[in-house]
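For reference, the chains in residue letters:
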Amino acid sequence: MRLLIVEDDGLLGAGLRASLAKSGFDVTWVTSGQAALSALASETFLAMVLDIGLPDISGLEVLQRLRADRNDLPVLMLTALDSTPDKVRSLNGGADDFLVKTSDLEELVARLRALIRRSGRSGKYVAGGLTVDIDNRAVTKKGMPIELSKREFDVLRVFMENSGRVVTRAQLERVLYGRDHQVESNSIEVHIHNLRNKIGVDTLKTIRGIGYTIATDN
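## Observations concerning the packing of helix H7 (residues 169-177) against helix H8 (residues 187-199)
Thought 1: Where H7 contacts H8, the axes come no closer than 10 Å and their chain directions differ by 90°. Taken together, the axes of H7 and H8 are roughly perpendicular relative to one another. On H8, the residues touching Arg 169, Leu 172, Glu 173, Leu 176 and Tyr 177 of H7 are Ser 187, Ile 188, Glu 189, His 191 and Ile 192.
Thought 2: In the contact of H7 with H8, the residues fall into five nonpolar, two polar and three charged.

Below you can see the structure in the form of structure tokens.
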């Protein structure tokens, strides 16, 4: 389950990322409002944990822009203080839930799972004759199981989450390796090649000069 965390406190952000990863979430962590908007524009998530106080634009403005774009992504707002005005502004602005940063991490996980369930978003994707169960990391094609490595599964997950859209090499690199990691020049192509050998060469289409997309008509 892909999750976006927007938190500028380094210690808290790292702790949230580690704890949520242990709970089965695939976490992208950014530290500013502009970085959050960039991630939302280029990647697909099941929910977002959004700090109100950010160094550039506020979490409330990020939320406002998200809802102005008619994006119904579930959003849980975080604040340092148990403040009624913050709660009111967040909920009136389109937030789905609100939590104080000192709250128990188990409560955060439970609330996120509840938000995702209520939103109707699923950890299962179907496209190109494939069914991908994100929670159980299972892949089948026309009912037959396919064994994938961790990297291969992560690559396929990106395509399934973006079914009907072109995924660029840069997007794959960010998801697989993070924003600051140095990536070998041909590593993405190697993963694509190996994945095609397992799921079918026609299942992933190359859009020359742009990226790749999952076939939807196999």
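## Considering the sheet that holds strand S5 (residues 97-100)
Thought 1: The five strands are arranged S2-S1-S3-S4-S5 in an open sheet whose pairing can be described as parallel. Both outer strands of the open sheet, strand S2 (26-30) and S5, are each paired with one neighbouring strand and no more. Averaged over all pairs of adjacent strands, the angle between strand axes in this sheet comes to 20°, irrespective of strand direction.
Thought 2: Of the pairings in the sheet, the one linking strand S1 (residues 2-6) to S2 comprises five bridges and is parallel in character. Bridge pairing in S2 links Ile 5 to Trp 29.
Thought 3: Along the sheet face, helix H5 (residues 105-119) touches S1, strand S3 (47-51), strand S4 (75-79) and S5 and points at about 175° away from the line of S5.

## A short note on the layout of surface pockets
Thought 1: By volume, the second largest pocket amounts to about 180 Å³.
Thought 2: Around the second largest pocket, the lining is made up of twelve residues, and of these Leu 40, Glu 43, Thr 44, Phe 45 and Asn 71 lie nearest the centre.
Thought 3: Partitioning the lining of the second largest pocket into residue classes produces five nonpolar, four polar and three charged.

## Considering the sheet that holds strand S12 (residues 211-214)
Thought 1: The sheet built from three strands is open, its strands ordered S10-S12-S11 with antiparallel pairing. Strands at the two margins of the open sheet, each flanked by one partner only, are strand S10 (167-168) and strand S11 (204-207).
Thought 2: Of the pairings in the sheet, the one linking S10 to S12 comprises two bridges and is antiparallel in character. Bridge assignment links Thr 168 to a residue of S12, and that residue is Gly 211.
Thought 3: Along the sheet face, H8 touches S11 and S12 and points at about 140° away from the line of S11.

## Notes on the pairing of S3
Thought 1: Of all five residues in S3, five are buried, a share of seventy percent or more.
Thought 2: Covered by surrounding structure in S3 are Ala 47, Val 49 and Asp 51 together with Met 48 and Leu 50, the residues of both alternating faces.
Thought 3: One ladder, built from four bridges, connects S3 with S4; its direction is parallel. Across the sheet, residue Asp 51 finds its bridge partner in S4, namely Leu 78.
Thought 4: Crossover S3 to S4 through helix H3 (residues 59-68) is right-handed.

## Quick look at the pairing of strand S6 (residues 124-127)
Thought 1: On S6, burial follows the alternation: Tyr 125 and Ala 127 on one face are buried, whereas Lys 124 and Val 126 on the facing-out side are not.
Thought 2: Across four bridges, the pairing between S6 and strand S7 (residues 130-133) is antiparallel. Along S7, the bridge assignment pairs Ala 127 with Leu 130.
Thought 3: Taking the residues between adjacent antiparallel strands as the criterion, S6 and S7 are bridged by two residues, where Gly 128 takes a positive phi near 60°.

## Section: the packing of aromatic side chains
Thought 1: Enumeration over the complete set of coordinates arrives at one aromatic pair.
Thought 2: With 6.3 Å between their ring centres and 85° between their planes, Phe 159 and Tyr 212 make a pair best called edge-to-face. Pair noted here: Phe 159 is in helix H6 (residues 150-161) and Tyr 212 is in strand S12, with a separation of 53 residues, a long-range link. Tyr 212 carries the same exposure label as Phe 159, and that label is buried.

Scoring rules and cut-offs
- Residues numbered from 1 in each chain as written.
- Predicted model: local features only at pLDDT ≥ 70, side-chain atom pairs only at ≥ 80, totals over all residues.
- Heavy atoms only, no water.
- Axes fitted to C-alpha atoms, helices over the stretch in contact; angles between N-to-C directions.
- Helix = DSSP H or I, 4+ residues; strand = E, 2+ residues; numbered from the N terminus.
- Parallel < 35°, antiparallel > 145°, perpendicular 65-115°, else oblique.
- Contact = heavy atoms within 4.5 Å.
- Nonpolar A, V, L, I, M, F, W, Y, C, P; charged D, E, K, R; others polar.
- Pairing = 2+ DSSP bridges.
- 1 Å grid on protein atoms, 1.4 Å probe; cavity = no way out; pocket = protein on both sides within 12 Å on 5 of 7 lines; lining within 4 Å.
- Points joined across faces, edges and corners; volume = space filled by probe spheres on them.
- Buried < 20%, exposed > 50% of the residue type's maximum accessible area, 1.4 Å probe, protein only.
- Right-handed = clockwise from strand over helix to strand, strands pointing away.
- Phe/Tyr/Trp six-rings, centres within 6.5 Å; stacked < 30°, edge-to-face > 60°.

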